[in-house]
Amino acid sequence: MTMLPLFISGAEIAFIMFILVMVFGADKIPEIAKGLGKGMKAIRNASNDIKNEIQKSAEKQGIDTDFTKDVRGEIDKVKEDIEEITGSVKRRP
């Protein structure tokens, strides 16, 4: 999984943390973070369960679920074609 860069600086993060401490207090922040973490984990588990149920149902109905491999193969072919066309031309950073 690739991570997208955050478009905020360290000073902005520090300012946000300062505001959080002022609003909630230093003793409440760990509890809030723990609750957010549990909520995110519950959402992730629920989405995985739904995905598994859909896949099981599709397999039971005889629907092909391996289309992602075909899509990945087509994407790789397009990437190779683009690299072949661009050749030695590269963007400068």
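Residues numbered from 1 in each chain as written. Predicted model: local features only at pLDDT ≥ 70, side-chain atom pairs only at ≥ 80, totals over all residues. Heavy atoms only, no water.

Another point: the overall build of the protein chain. Counting secondary structure elements, the protein chain contains 3 helices and 0 strands. Each of the 93 residues in the protein chain was classed as buried or not, and the buried ones make up 2%. With the model as given, the accessible surface of the protein chain reaches about 9,100 Å², and the carbon-plus-sulfur share is 63%. (Helix = DSSP H or I, 4+ residues; strand = E, 2+ residues; numbered from the N terminus. Buried < 20%, exposed > 50% of the residue type's maximum accessible area, 1.4 Å probe, protein only. Areas by Shrake-Rupley, 256 points an atom, 1.4 Å probe, with all protein chains shown as cover.)

What follows concerns a negative patch on the surface. Together, Asp76, Glu80, Asp81, Glu83 and Glu84 make up a region of like negative charge exposed at the surface. Counting through the fold element by element, Asp81 comes out in helix α3 (residues 67-86). Judged by relative accessible area, Asp81 falls into the partly exposed class, the value being 46%. (Patch = residues over 30% accessible without salt bridge, like charges linked within 9 Å, V, L, I, M, F, W, Y side chains within 5 Å. Salt bridge = Lys/Arg side-chain N within 4 Å of Asp/Glu carboxyl O. Lys, Arg positive; Asp, Glu negative; His and termini not counted. Charge placed at Lys NZ, Arg CZ, Asp CG, Glu CD.)

The next subject is the pattern of salt bridges. In the structure shown here, the tally under the stated rule is 1 salt bridge. Measuring nitrogen to oxygen at the nearest pair gives 3.6 Å for the salt bridge that ties Glu74 to Lys77. Of this pair, Glu74 and Lys77 both sit in helix α3, 3 residues apart, roughly one helical turn. With a relative accessible area of 46%, Glu74 lands in the partly exposed category. Among the residues examined, Lys77 registers a relative accessible area of 49% and is labelled partly exposed.

Before going further, it helps to examine helix α2 (residues 29-61). If you check α2, its first and last C-alpha atoms are 48 Å apart, about what 33 residues at 1.5 Å a residue would give, namely 48 Å. Immediately beyond the C-terminal end of α2, within one or two residues, lies Gly62, with a positive phi of roughly 85 degrees. (Expected span 1.5 Å × (residues − 1).)

With that settled, the discussion passes to the confidence of the model for the protein chain. For the protein chain, per-residue confidence averages 82 on the pLDDT scale, and residues scoring 70 or more make up 85% of the total. When mean pLDDT is compared element by element in the protein chain, α2 scores highest at 90, while α3 scores lowest at 82. (pLDDT = per-residue confidence, 0-100.)

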